Amino acid sequence: MGVHDAPGWLLPAFSRSVVGAGGTASPEEIRRTGEDLLDRWTQPDRHFHNVKHLVDVLARVDELDEEVHEPDLVRLAAWYHGAVFDSAERKAYANKGGEDEAASATLAREQLTALGVPDARAQRVAALVSALVRHSPDRKDVDCAVLCDADLAMLAAEPQRYKAYLHDVRAEYAHLPLEDYVRARTRILRKLLARPSLFTSPLAQGWEEPARQNVAAELQRLEKELSRLEAASAQADDAAGGEAGGTPTVVDVPQPSTPPRH
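Rules of the game
Residues numbered from 1 in each chain as written. Predicted model: local features only at pLDDT ≥ 70, side-chain atom pairs only at ≥ 80, totals over all residues. Heavy atoms only, no water. Helix = DSSP H or I, 4+ residues; strand = E, 2+ residues; numbered from the N terminus. Buried < 20%, exposed > 50% of the residue type's maximum accessible area, 1.4 Å probe, protein only. Contact = heavy atoms within 4.5 Å. Core = buried A, V, L, I, M, F, W, Y, C linked by side-chain atoms within 4.5 Å. Phe/Tyr/Trp six-rings, centres within 6.5 Å; stacked < 30°, edge-to-face > 60°. Axes fitted to C-alpha atoms, helices over the stretch in contact; angles between N-to-C directions. Parallel < 35°, antiparallel > 145°, perpendicular 65-115°, else oblique. Left-handed = near helix turned anticlockwise from the far one by under 90°.

Asker: Would you mind going over the side chain of Thr200 with me for this structure?
Answerer: On the secondary structure map, Thr200 appears in the loop between helix H10 (178-194) and helix H11 (208-244). What makes Thr200 buried here is its relative accessible area of 15%. Leaving out residues up to four positions away in the same chain, Thr200 has contacts with Pro137, Arg139, Ala145, Asp149 and Gln205.

See below:
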């Protein structure tokens, strides 16, 4: 999907948010920056973290906007939260997901400042983006809570859509061996279920139960898959050891992080 395949309202919406945040650049400059962002969101290696995900997050922000104090800043943070993305194997094995929040925050600050957005507001957008590293906002920071909740909202999708989400995420990290991917994903799912709550903002509380059902069901499937993979691996090692006439050497391998944090 290229820039011109994106919904027609996206670029005008970006422009409105920039102006609402205090941007003083010309409409042409703002549009060029929006086009740059859409170029980033529509790269071919993005199967889940693509423009469709951007649209979904913006839509969820709209659902929760009654709680938001500075909606233009939250929407701009949604635009930038996955602007820098790399699903390459080196990133996964460095315990990082594909979204690079630090680099995305820097990009937000630089581009928004160049568009005339006041420094304090550009820095606030960057801080909101950085907060998505952990998805554990201060409950008193309503805008941050809304952004985090909007980003995690896919967890509460209806079962068929959740299944499609899982397919897209796996496609994004198809270069990772299946067993590594399953191990990483199960670790994250267990951490999610261990949280007192997945969502923080009041209007998002209705997403809690369906999200937990989806995550628990996925974890159950992956635990069974991991057991099968481990049994097959052990059987293969035993067979290799028997053929070699000795005990196979155990080699420590790097453990990848889960590709998505949501």
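Asker: So what exactly am I meant to see when it comes to the nonpolar core here?
Answerer: One broad trend across soluble globular proteins is that nonpolar side chains are buried collectively. One finds Trp79 and Tyr80 to be the most contacted residues of the largest nonpolar core, which totals 73 residues. The contacts of Tyr80, once residues within four sequence positions are left out, are Phe14, Thr33, Leu37, Ser104, Leu107, Ala108, Gln111, Leu112 and Val129.

Asker: Looking at this model, I keep getting lost on the packing of aromatic side chains. Mind explaining?
Answerer: The relative placement of two aromatic rings is captured by the distance of their centres and the angle of their planes. Enumeration over the complete set of coordinates arrives at four aromatic pairs. Considering the side-chain rings of Tyr162 and Tyr165, the 5.3 Å spacing of their centres and the 55° angle between planes classify their relative orientation as tilted. One end of the pair, Tyr162, and the other, Tyr165, are both in helix H9 (residues 159-172), three residues apart, so they sit about a helical turn from each other. Pair check on accessibility: Tyr162 and Tyr165 agree, each one buried. Judged by centre distance (5.5 Å) and plane angle (85°), the ring pair of Phe199 and Trp207 falls under edge-to-face.

Asker: Is there a simple way to explain the packing of helix H3 (residues 51-63) against helix H4 (residues 71-80) in this structure?
Answerer: The description of two packed helices rests on the angle between their axes and on the distance between the axes. It is at 9 Å that the axes of H3 and H4 come closest, and there the two elements cross at 160°. On the basis of their axis angle, the class for H3 and H4 is roughly antiparallel. Of the two possible hands of crossing, H3 and H4 adopt the one that is right-handed. Note on element contacts: H4 touches H3 through Val74, Arg75, Ala78 and Trp79, opposite Leu54, Val57, Leu58, Val61 and Asp62.

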